[in-house]
Amino acid sequence: MDRIRIVGGNRLHGQIPISGAKNASLPLMAASLLTDETVTLSNLPHLVDISTMAHLLTELGVHIEMDGEAPNGGHAGRALALTAKKVTESTAPYDLVRTMRASVLVLGPLLARTGHARVSLPGGCAIGTRPVDLHLSALEQMGAEIEIREGYIEAKASGRLQGAHIVFPMVSVGATENALMAAALADGVTVLANAAREPEVADLARCLMAMGAEIDGIGTDTLRIEGCDSLHGIHHPVIADRIETGTYAMAAAITGGDVVLRGSRLDLIEAIADVLRKAGSEISETAEGLRVARSNGPVQGVDVMTEPFPGFPTDMQAQFMTLMAVAEGASMITETIFENRFMHVPELCRMGANINVHGASAIVRGVPRLSGAPVMATDLRASVSLVLAGLAAEGETVINRVYHLDRGYERLEEKLSACGAEIERLKD
Ligand code: UD1
């Protein structure tokens, strides 16, 4: 298994191209099941999760063509043309869903297009139990009959799904996306109240509009969707990855560097930018993207609570904790979205951090310096938080289980070393 070796202490200077958003790409790819015409998506990141979704869609009968080598050394993002002329299979098997929970996003589109779907239950994951009850309940309210049998969600609809007024009891990105895609082909009007407002949901909604659905309220917590008999093909460029943006912004902050995050936008990371400014970084929008710099004084401790968008994202919690580990003063970090998302804490402590977890909150007392160590990560964002720690630490850090990183960060070593980091991948 590959490992990443980092020798810390270098300030980052330069430009980092930000890839298309993984979490926008996955539902957009699933949306190709909704039409027999070609959906062309550009600016897709080169990531393992994208390949997993492509594999799943191919099994369902979607024909996928990929463009050749992307220009600019591959940084320009990949384009995929997805054509679901006929959906030949309606089962999303356990082996694929197990490796990527987002596979469950084919449920709504499959059901809406073909009237039946069989999708493996994803089960738990390292960061919590993560049920799919909200996805199922929304589809049931649209007329689907759903049973759980032999570890699979078996859903069927007699005729088209029906528009419904759905009030989500809690905010769920995936459930909003599944319901949104199903509603685009449903008969009549669907209202999704307490819907997720994440930019990835808005990107999906804009794509569905371009495919022919009528959608009001994009970017708000109430979406009104007028379904159509059929949707058509389109070309849609994926938005920039706000979590990758935030992660490299933290990398600039923790190393006292100055980087331009090319192709990203401030409105995608307002909450992250706000916290970073309080912690002592400067953030400004430039013609090319976002500039993040920390030149004056130490990192300051700031309290943070994770929340659905537009609040501070749970996917940035681990990275922010690493920054706080070297801050002046203390910080309280509260995780409200996932119940088991502090698994990076013991690893950060092995690098010299002073962190105490009390239930859903962690008290981080900043230390002057972390020290390099061999560490191991348990999920995607935890892994990258250890990369950030390694960049700031004294000496050498070796991160094991790099496959987690490859699910969400495209060419991480390349992007960071181009800005002066001493980082390399050790192949086994
Ligand atoms: C998406 C993101 C993930 C991010 C998360 C929260 C993708 C592919 N993944 O995951 O990176 O961390 O949003 O911003 O976009 N829940 C239920 N029942 C359900 C669905 C969710 O109880 O049916 C709970 C979850 O356990 C969790 C909370 O709702 O506690 C939010 O989860 P959700 O927004 O659904 O996350 P995902 O869509 O899985």
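Here the structure is a predicted model, which is why all the values come from computation and not from measurement.

(A) How the structure looks around the sheet that holds strand β10 (residues 165-167). Strand order across the open sheet formed by 4 strands is β10-β11-β13-β12, with mixed pairing between neighbours. Bordering the open sheet on either side are β10 and β12 (214-216), each of which pairs with just one other strand. Strand-to-strand twist across the sheet, computed as the mean angle between neighbouring axes with direction ignored, equals 15 degrees. In this sheet, strand β13 (residues 222-226) lies alongside strand β11 (residues 189-193) in antiparallel orientation, the contact comprising 5 bridges. Note on β13: the bridge partner recorded for Val191 is Arg224. Running over the sheet, helix α6 (residues 173-184) touches β11, β12 and β13 and is turned about 25 degrees from β13.

(B) Spatial organisation of the environment of Leu231. Mapped onto the elements of the fold, Leu231 is located in the loop between β13 and β14 (234-237). Spatially, the C-alpha atoms of Leu231 and Leu185 are 7.4 Å apart, while their sequence positions differ by 46 residues. Residue contacts for Leu231: discarding those within four places in its chain leaves Leu34, Thr35, Ala184, Leu185, Leu208, Met211, Gly212 and Ala213.

(C) View of the site of the ligand. Around the ligand, 19 residues are found, and the nearest of them are Asp133, Leu134, Ser172, Asp315 and Ile337. At a separation of 2.7 Å, an oxygen atom of the ligand approaches a polar backbone atom of Val173. Protein contact buries 86% of the 740 Å² of open area that the ligand shows by itself. Secondary-structure elements contributing two or more residues to the shell around the ligand are α5 (133-141) and α6. Looking at the shell around the ligand element by element, the count peaks at 3 residues for α5.

How each quantity is defined
- Residues numbered from 1 in each chain as written.
- Predicted model: local features only at pLDDT ≥ 70, side-chain atom pairs only at ≥ 80, totals over all residues.
- Heavy atoms only, no water.
- Pairing = 2+ DSSP bridges.
- Helix = DSSP H or I, 4+ residues; strand = E, 2+ residues; numbered from the N terminus.
- Axes fitted to C-alpha atoms, helices over the stretch in contact; angles between N-to-C directions.
- Contact = heavy atoms within 4.5 Å.
- Near = heavy atom within 4 Å.
- Polar contact = N/O pair within 3.5 Å; in protein donor to acceptor, adjacent residues only side chain to side chain.
- Areas by Shrake-Rupley, 256 points an atom, 1.4 Å probe, with all protein chains shown as cover.

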